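Single-letter residue listing:
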There are 2 protein chains.
Amino acid sequence: MAKEKKLVEAITPMEEDFAQWYTDVVKKAELIDYSSIKGCMVIKPAGYAIWERIQRQLDERFKETGIENVYMPMFIPESLLQKEKDHVEGFAPEVAWVTHGGMEPLQERMCVRPTSETLFCDFYANEIQSYRDLPKLYNQWCSVVRWEKTTRPFLRSREFLWQEGHTAHATSKEAEERTIQMLNIYADFCEQVLAIPVIKGKKSEKEKFSGAEETYTIEALMHDGKALQSGTSHNFGDGFAKAFNIQYTDKDNTLKYVHQTSWGMTTRLIGAIIMVHGDNSGLMLPPKVAPTQAMIIPIQQKKDGVLEKAEEIKKNLGEFRVKIDDTDKSPGWKFSEQEMRGIPIRIEIGPKDIEAGQAVIVRRDTREKINVSIDEINIKVKEILEKIQQDMLQRARSHMEQHTFTAVTFEEFKDYIENRQGFVKAMWCGGQDCETIIKEETTATSRCMPLWQEKISDHCICCNKPAKALVYWGKAY
Amino acid sequence: MAKEKKLVEAITPMEEDFAQWYTDVVKKAELIDYSSIKGCMVIKPAGYAIWERIQRQLDERFKETGIENVYMPMFIPESLLQKEKDHVEGFAPEVAWVTHGGMEPLQERMCVRPTSETLFCDFYANEIQSYRDLPKLYNQWCSVVRWEKTTRPFLRSREFLWQEGHTAHATSKEAEERTIQMLNIYADFCEQVLAIPVIKGKKSEKEKFSGAEETYTIEALMHDGKALQSGTSHNFGDGFAKAFNIQYTDKDNTLKYVHQTSWGMTTRLIGAIIMVHGDNSGLMLPPKVAPTQAMIIPIQQKKDGVLEKAEEIKKNLGEFRVKIDDTDKSPGWKFSEQEMRGIPIRIEIGPKDIEAGQAVIVRRDTREKINVSIDEINIKVKEILEKIQQDMLQRARSHMEQHTFTAVTFEEFKDYIENRQGFVKAMWCGGQDCETIIKEETTATSRCMPLWQEKISDHCICCNKPAKALVYWGKAY
C-alpha cells in the first residue's frame, strides 16, 4: 500500500495547485519529457499514440470533404515572409532564423515555418492559372516553431505538431463556406471524439490571425475555468492573393484573385484532454482517442489458469485496443498505473472470478465496478466504452454550463471573472478600447462572438454605448 | 490526337536521357514542384499519397515488432551534436544553423536535425536506469535537413521526410539481432510492397554511417543500371552510449553501457519506385502502394446509362481504391493521364460494353486488354492487381539479375562498369586504398558485402592481395 500511495501522491491535487497538477499528470502519465532545448519537449510513446489517434481520425474527416495532403518545405526565405504586411508583423518577432547552410552563410536568411501561408501562396501563384484549377484543397501535417518566451507542455511550446489546411477558391462565398465547414468539423471532432464541448464563434479584430479577414475559433473550458482556444479557421478573403498575385482566368476570360482559407489544430488538444477530463488520480482518456481502451489486470496471476484466461479475454476483445499487465507489480500498483495513464476501463480477473465465469470491469471515470459474464464480455465492453464516451462529454458539458455566467453590468462582470471560474457572456460595442480596458482590469480577453448570437442587454458592458455583439469572455491559456 | 501526343511527348525517352526522363516523370505525374528554397521541394498530393501508403504499411510492420513512435525536437544544440566525434565530423559540414530566436541571438547556436542520434542519446541517458527499462524500441516520423550542394527530387534534397528508429539494448547480441531484424523488414517491405528486389549487405568502413560500428544496407538497381541505397540499419555497439553516458544497472547490480541501433528509410523510396518501374509513358505504381488502384474511364459518357454504370462498378469495387474520370477530356487523353500517373489498371466502359454486360480492363504494366463480365469484376480486379504486383517484382528481379556481372580481373571489372549498366560482383581485400582507386578509375563505389557471401576468386580485384569479401560494386545515386 505504501508504494501505491506513492504513485498517487506524486500528483499534486488540482484544487491545491492546478498548474502543478497539470505538470505532474503530463510527467507521471509519461506523455512528455523535457529536452536539452529549452521550451521544446520530447513526446513520449503514451503522448504520441494519442496524437496518432487524433491525426488519423481528423485526417479521415478532412479527406471525406475532398482535402488532399501535401508537404511544403520547413524554411521560409525572409523576403517571402515579408510579402503580406500584417502576417509578417504577427510572426516575425517569434521565428527561429537560419543563417548558415553547412559552412557558408546564406545569401538570404530563412526562418523555420511558424505557419505556412506564405509557402502555400507562393506555390498557388504558380499552380493556379484557370478556374479549372480551383478549388485547391490542401492540408499538411508537420511541426512548426514559434520562439515563445514562456512555455508549457502541449499548451505553448517552441515547437509543436499540427495540421494546417490551406484552400483557394474562385469566390468569396465558397471560401466563407469552407471556413465554416472546417470550423464545424473541428467542433464535431472535439465533441464526438475528444468528448470536449466547445463554443464556436468569431474572433474580434484584436484577436484574429495576422493577415486574416475573419478568424473563427472553437473555445473549450478547462477544469480550472480557463478557456483554451482549441482550433481556428480563417477566411483570408483575397488579401494574400493580392500580396502574392494569385490570379486565375475565369470562365468569362477575365483575371480574378482567388479567395483563401486556412485552418489548424495542434498537439495543444492533448493539453485540452488533460485539463477537461483529468482528475487527481491522473489522466482520463475518452475511449475513442485512448491508445489502450482496456487494461486486463490478472489477480493472483501465478495461480493456474489465470494468465491463460486473461489471454483468452484479450483475444475475445480483438476489436478493441486491449493490453494485459502481467508484470510482477502488485494489483493495487497496477490499478494506480492504469488510472494514472487514463485507460478507460480495467478488467480484473482472478481465480474466484474464473470459477464464477465472470470478470470485474472498473470504469476509470466513475470507478463503478461491473460484474460481467465472460461469455458476454465483448458486448459489455462495447456498451461500457460507449457509455463512458457519452458520459464524459455530458460531464464536460455540464461543467461548462455551470461555469458560464451572464453579466449585464461591469461590476457583475468583474465579480464573475474574479470570484468564479468560467466564461462570462456579456455585450460589447465592438471597440478595441473596451477590449483593452477589460483585459487590463480583469485579465480576461474576448474569446469569441458565438455563432448563435443572443441579446442580453442593449449596452456595452464596458463603455455603455450601444452593443454590437454578444461576446464570450474569459481568462485563457 | 494532337493533344494526347503532347502529353506523352512531354516525357523525354529514358534511352535518350535518363536524368531528364526522371525529372519529366516527377513533374508530369505531378509528384512534386520546386519551391522558393533551392534544393527543397513541394510534395504534391499524388506524391504525398504514395508516401502516406509507404508510411502506413511500414509503420504497421514496425509496430508488430514492438516499436513505439515518439517525437523529438527538431533542433540540436551545437554542444550535443559534438559529443560523438565521428558523428559530428560526418554531419557538421552539411547542417543548417539557427542563430537567432525571435529578435535575439541565441546563446548557443543549434542545427536543424540532420538525424537524431544525439537527441535520442541525450533522452536515453535520463530515461534508462535499470535493466527493467530495456529494451527501448522507439521510432519517429519527421523531416530532416542536410544542406547538400547538388539536389534531385526525392533522391537528394536539402529537406526530406523519413523515419528514424533508435533502439537501446542490454546486450551487444540483442542490438545486432535488432539491426538485422530491421534490415529484413526493409528488404521484405521493398520486395512485397514496392515490388523492388534488393541486395542485403554490410557497408565497408569507408561507406558506413558516421559513428556506427556496422552499417547494413539494402541496395536496389535502377533502370539505368545505377544502384540506389534504399534503407540502412546501423549497429552502434556502445560507442554512443559511452559518449553520452547511457548506463543501466544490470541484474548483477553492476553498471553497464547499453548497445544501440538506428535504422531509416526516406522519401527516396519514391525515387526508387519511379526508376525501377517507370517507362516512357510515365510512372508505374505497384498496386499495394498506388493511391488509386483503378481508374474507370467512361467511353461516350454522355450516352444514357454510361456514368451510372461507371458508378455502379465503382461501388462494386468498394474494397479497392477506385476513381472515375468523368471530366470532359477525350478518352485518349484520359488514358494517357492514367498511364502517366502510374495507376495500375484502367477500366473502360462504354455503351457497347454495357450491352455485352462487360468492361475492358487494361493493365498499365503490360497494356494487356482483358474483357471481363461486369458480374465478375470484383474478383477479376483482385486477381489482376495481384498478378500485376507479382509481375512487377518478377520483371524487376529479372532486370537486376541480367544486370549483375561477375568480374575476376580488373580489366573485366572496368569493362562491365564502363560498358554495361549494373552491379559488378568482385572480390576485395578489405583495404580502403583499393576502394579509393576503384572509385577514381571507374566512379563505382562499394555498395555492400552481401549477407550471402560466395567466393568467386581468391584475390582482390584491385591489388591482387588475398581477398576478404565479395562486394557488390556499382555507380550509385
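The structure under discussion appears in the preceding block.
All of the points below concern the structure found in this document. These figures come from a predicted structure and were not determined experimentally.

1. As for the overall build of chain A
Then, in step 1: A tally of helices and strands in chain A yields 15 helices and 23 strands.
Then, in step 2: Its C-alpha atoms give chain A a radius of gyration of 25 Å, within 12% of the compact-globule value 23 Å for 477 residues.
Then, in step 3: Taking the principal axes of the C-alpha coordinates as reference, chain A spans close to 80 × 55 × 50 Å.
Then, in step 4: When contacts within chain A are restricted to residue pairs at least 6 apart in sequence, those whose partners lie at least 24 apart make up 69%.
Then, in step 5: Surface summary for chain A: the accessible area is close to 19700 Å², and the carbon and sulfur share equals 46%.
Then, in step 6: Put simply, chain A has 65 plus and 73 minus side-chain charges, and the middle of one group is 2 Å from the middle of the other.

2. A word on the packing of aromatic side chains
All names here are of chain B.
Then, in step 1: If you walk through the whole model with that rule in mind, you get 40 aromatic pairs over all chains.
Then, in step 2: Between Phe91 and Phe209 the ring centres are 5.5 Å apart and the planes differ by 55 degrees, which places this aromatic pair in the tilted class. Of this pair, Phe91 sits in helix 5 (residues 85–91) while Phe209 sits in the loop between strand 9 (199–202) and strand 10 (214–221), and the two are 118 residues apart along the sequence. Comparing Phe91 with Phe209 shows no difference in burial state: the two are buried.

3. Regarding the interface of chain A and chain B
Then, in step 1: Taken residue by residue, the interface counts 52 residues in chain A and 52 residues in chain B.
Then, in step 2: Each partner contributes to the roughly 4400 Å² buried at the junction of chain A and chain B, and carbon and sulfur atoms together form 62% of this total.
Then, in step 3: On inspection of chain A and its partner chain B, the count reaches 4 salt bridges.
Then, in step 4: The partner of Glu52 of chain A in a salt bridge is Lys63 of chain B, and the shortest N-O contact between them spans 3.0 Å.
Then, in step 5: At the boundary of chain A and chain B, one finds 23 residue pairs in polar contact (both at pLDDT 80 or more).
Then, in step 6: Looking at side-chain class alone, the side of chain A that touches chain B contains 30 nonpolar, 8 polar and 14 charged residues.
Then, in step 7: Here 5 bridges tie strand 5 (residues 96–101) of chain A to strand 5 (residues 96–101) of chain B, and the two strands are oriented antiparallel to one another. Following the sheet pairing, His100 of chain A is matched in strand 5 of chain B by Trp97 of chain B.

4. Quick notes on the relation of the copies chain A and chain B
Then, in step 1: Here chain A sits on chain B after a turn of 180 degrees about the axis and a move of 0.0 Å along it, with an RMSD of 0.0 Å. Those values place the two copies in the arrangement expected of a two-fold rotation axis. For chain A, the residue whose C-alpha comes nearest the rotation axis is Val98 of chain A, separated from it by 2.1 Å.
Then, in step 2: Most of the interface of chain A is mirrored in chain B: 100% of its interface residues are interface residues there too.

5. Observations regarding the pattern of salt bridges
Proximity of charged atoms lets side chains of opposite charge pair with each other.
Then, in step 1: Tallying each qualifying case throughout the model produces 68 salt bridges over all chains.
Then, in step 2: Glu214 of chain A serves as the salt-bridge partner of Lys202 of chain A, at 3.6 Å between the closest nitrogen and oxygen. One end of the pair, Lys202 of chain A, is in strand 9 (residues 199–202); the other, Glu214 of chain A, is in strand 10 (residues 214–221), and 12 residues separate them in sequence.
Then, in step 3: Overall, Lys202 of chain A belongs to the partly exposed group, its relative accessible area being 26%.
Then, in step 4: Residue classification places Glu214 of chain A among the partly exposed positions, given a relative accessible area of 25%.
Then, in step 5: Close ionic contact of Lys309 of chain B with Glu312 of chain B constitutes a salt bridge, the shortest N to O distance being 3.4 Å. Of the two residues, Lys309 of chain B and Glu312 of chain B are both situated in helix 10 (residues 306–316); the distance of 3 residues between them amounts to about one turn of the helix.
Then, in step 6: A relative accessible area of 18% means that Lys309 of chain B is categorised as buried.
Then, in step 7: When its relative accessible area of 37% is taken as the criterion, Glu312 of chain B is described as partly exposed.

6. Some remarks on helix 3 (residues 45–64) of chain B
Then, in step 1: In this model, helix 3 of chain B (20 residues) spans 28 Å end to end at C-alpha, consistent with the 28 Å of a helix rising 1.5 Å per residue.
Then, in step 2: What helix 3 of chain B keeps buried is the set Pro45, Gly47, Tyr48, Ala49, Ile50, Trp51, Glu52, Ile54, Gln57, Leu58, Asp59 and Phe62 of chain B.

7. Section: the sheet that holds strand 18 (residues 358–363) of chain A
Residues and elements named next belong to chain A.
Then, in step 1: Ordered by their spatial adjacency, 5 strands build an open sheet running 16-15-17-18-19, and the pairing between neighbours is mixed. The open sheet has two edge strands with one neighbour each: strand 16 (322–324) and strand 19 (369–373). Pairwise comparison of adjacent strand axes, ignoring direction, gives a mean angle of 25 degrees for this sheet.
Then, in step 2: Bridge count for strand 18 against strand 19 is 5 bridges, and the pairing is antiparallel.

8. Some details on the pairing of strand 17 (residues 345–349) of chain A
Residue and element names in this part refer to chain A.
Then, in step 1: Of all 5 residues making up strand 17, 5 are buried, and the element is well covered by its neighbours.
Then, in step 2: Here strand 17 shows a buried face lined by Ile345, Ile347 and Ile349 and a second buried face lined by Arg346 and Glu348.
Then, in step 3: Taken together, the 5 bridges between strand 15 (residues 294–298) and strand 17 define a ladder with parallel strand orientation. Residue pairing across strands places Ala294 opposite Ile345, the latter belonging to strand 17.
Then, in step 4: The pairing of strand 17 with strand 18 spans 4 bridges and is antiparallel. Residue Ile345 lies in a different strand from strand 18, and its bridge partner there is Arg363.

9. Details of the environment of Pro466 of chain A
Residue and element names in this part refer to chain A.
Then, in step 1: In this fold, Pro466 is placed in the loop between strand 22 (445–450) and strand 23 (469–474).
Then, in step 2: Relative accessible area serves as the criterion here: at 62%, Pro466 is assigned to the exposed category.
Then, in step 3: Setting aside residues no more than four positions away along its own chain, Pro466 makes contact with Cys429, Asp458 and Cys460.

10. A word on unusual backbone geometry
All names here are of chain A.
Then, in step 1: Of note, the bond from Leu134 into Pro135 is cis; its omega dihedral lies within 30 degrees of zero at -5 degrees.
Then, in step 2: For Pro135, the position within the fold is in the loop between helix 6 (117–127) and strand 7 (136–145).
Then, in step 3: Backbone geometry at Asn253 places phi at a positive 70 degrees, although glycine is not the residue there.
Then, in step 4: Within the secondary structure, Asn253 sits in the loop between strand 12 (247–249) and strand 13 (255–257).

11. Details of the state of the cysteines
Then, in step 1: For the structure on display, the rule yields 0 disulfides over all chains.
Then, in step 2: Cys142 of chain B takes part in no disulfide bond, and the closest cysteine sulfur to it belongs to Cys142 of chain A, at a distance of 12 Å.
Then, in step 3: Since its relative accessible area comes to 8%, Cys142 of chain B is described here as buried.
Then, in step 4: Between Cys190 of chain B, a cysteine without a disulfide, and Cys448 of chain B, which holds the nearest cysteine sulfur, the sulfur-to-sulfur distance is 13 Å.
Then, in step 5: On the basis of relative accessibility, which here comes to 1%, the residue Cys190 of chain B falls in the buried class.

12. Brief notes about the packing of helix 3 (residues 45–64) of chain A against helix 7 (residues 172–192) of chain A
Between two packed helices, what matters for the description is the angle formed by their axes and the separation of those axes.
Residue and element names in this part refer to chain A.
Then, in step 1: Between helix 3 and helix 7, the shortest axis-to-axis distance is 11 Å and the interhelical angle comes to 140 degrees. Comparing the axis directions of helix 3 and helix 7 gives the class oblique. Crossing of helix 3 over helix 7 shows right-handed handedness. Residue-level inspection shows Ile54, Gln57, Leu58, Arg61 and Phe62 of helix 3 in contact with helix 7, the latter providing Met182, Ile185, Tyr186, Asp188, Phe189 and Gln192.
Then, in step 2: The class makeup of the residues in the contact of helix 3 with helix 7 is 7 nonpolar, 2 polar and 2 charged.

13. So, the environment of Arg363 of chain A
All names here are of chain A.
Then, in step 1: Tracing the sequence through the fold places Arg363 in strand 18.
Then, in step 2: Between the alpha carbons of Arg363 and Leu385 there is a distance of 8.7 Å; along the sequence they are 22 residues apart.
Then, in step 3: Ignoring sequence-local partners within four residues, the contact set of Arg363 consists of Pro344, Ile345, Glu368, Ile370, Ile384, Lys387, Ile388 and Asp391.
Then, in step 4: For Arg363, the side chain forms a polar contact with the side chain of Asp391, separated by 2.8 Å.

14. Details of the sheet that holds strand 3 (residues 68–69) of chain A
All names here are of chain A.
Then, in step 1: The 11 strands lie next to each other as 3-7-8-14-11-10-9-22-23-21-20, forming an open sheet whose pairing is mixed. Of all the strands in the sheet, the pair left with one neighbour each is strand 3 and strand 20 (404–406).
Then, in step 2: Strand direction decides the pairing type here: strand 11 (residues 227–237) and strand 14 (residues 259–266), joined by 5 bridges, are antiparallel. The partner of Thr232 across the bridge, within strand 14, is Gly264.
Then, in step 3: Packed on one face of the sheet, helix 6 meets strand 7, strand 8 (159–169), strand 11 and strand 14 and runs near 150 degrees to strand 7.
Then, in step 4: Each of strand 7, strand 8, strand 9, strand 10, strand 11 and strand 14 is contacted by helix 7, which is oriented at about 10 degrees to strand 14, the strand it contacts most.

15. Quick look at helix 13 (residues 377–402) of chain B
Then, in step 1: The end-to-end C-alpha distance of helix 13 of chain B, which contains 26 residues, comes to 36 Å, matching closely the 38 Å that a straight helix rising 1.5 Å per residue would cover.
Then, in step 2: What helix 13 of chain B keeps buried is the set Ile377, Val381, Ile384, Leu385, Ile388, Gln389, Asp391, Met392, Leu393, Ala396, His399 and Met400 of chain B.

The rules behind these values
Starting from 1, residues in each chain are numbered consecutively following that chain's sequence as written. Throughout, the order in which chains and ligands are written sets their labels, letters from A for the former and numbers from 1 for the latter. Whole-chain, interface and lining totals are the exception, using all residues; otherwise, since this is a predicted model, local features are given only for residues with pLDDT of at least 70 and side-chain atom pairs are given and counted only at 80 or more. Note that water and hydrogens are dropped before the side-chain values are worked out from all heavy atoms of the structure. Runs of E in the DSSP output that reach at least two residues are strands. Runs of H or I that reach at least four are helices, and both are numbered from the N terminus. We compute the radius of gyration from the C-alpha atoms alone; for a globule the expected value is 2.2 Å times N to the 0.38, where N is the number of residues. Whether two residues touch is decided by their heavy atoms; if any such pair falls within 4.5 Å, the residues are in contact. To be clear on the numbers: accessible area is Shrake-Rupley with a 1.4 Å probe, and residue cover counts the displayed protein chains and nothing else. His is not counted, nor are the chain ends; Lys and Arg add positive charge and Asp and Glu add negative charge. Taken as the charge location is NZ of Lys, CZ of Arg, CG of Asp or CD of Glu. Each aromatic pair joins two rings of Phe, Tyr and Trp (for Trp, the six-membered one) with centres within 6.5 Å, and gets the label stacked for planes under 30 degrees apart, edge-to-face for over 60, and tilted for any other angle. A 1.4 Å probe rolled over the protein chains alone gives each residue an accessible area, and that area as a share of the maximum for its type sets the label: buried under 20%, exposed over 50%, partly exposed in between. When two parts are brought into contact, each loses some accessible area as probed by a 1.4 Å sphere; the total of that loss over both is the buried area. Between Lys or Arg on one side and Asp or Glu on the other, a salt bridge is scored when a side-chain nitrogen of the former is within 4 Å of a carboxyl oxygen of the latter. By the criterion applied in these results, polar contacts are pairs of N or O atoms within 3.5 Å in which, for protein atoms, one can donate a hydrogen and the other can accept it, and in which residues neighboring in sequence qualify only through two side-chain atoms. Nonpolar residues are Ala, Val, Leu, Ile, Met, Phe, Trp, Tyr, Cys and Pro. Charged residues are Asp, Glu, Lys and Arg, and all others, Gly as well, are polar. Any two strands with at least two DSSP bridges between them are considered paired. Here the copies are superposed with least squares, the fitted atoms being C-alpha atoms of residues at a pLDDT of at least 70 in both. To estimate how far a helix should extend, the number of its residues minus one is multiplied by 1.5 Å. For helices, the fitted axis covers only the stretch in contact; all axes are lines through C-alpha atoms, and the angles between them, taken along N-to-C directions, range from 0 to 180 degrees. Disulfides are defined as pairs of cysteine sulfur atoms found within 2.5 Å of each other. By definition in this entry, angles of less than 35 degrees are roughly parallel, angles greater than 145 are roughly antiparallel, angles of 65 to 115 are roughly perpendicular, and the rest are oblique. What makes a crossing left-handed is the near helix being turned counterclockwise from the far one by less than a right angle; a clockwise turn instead makes it right-handed.

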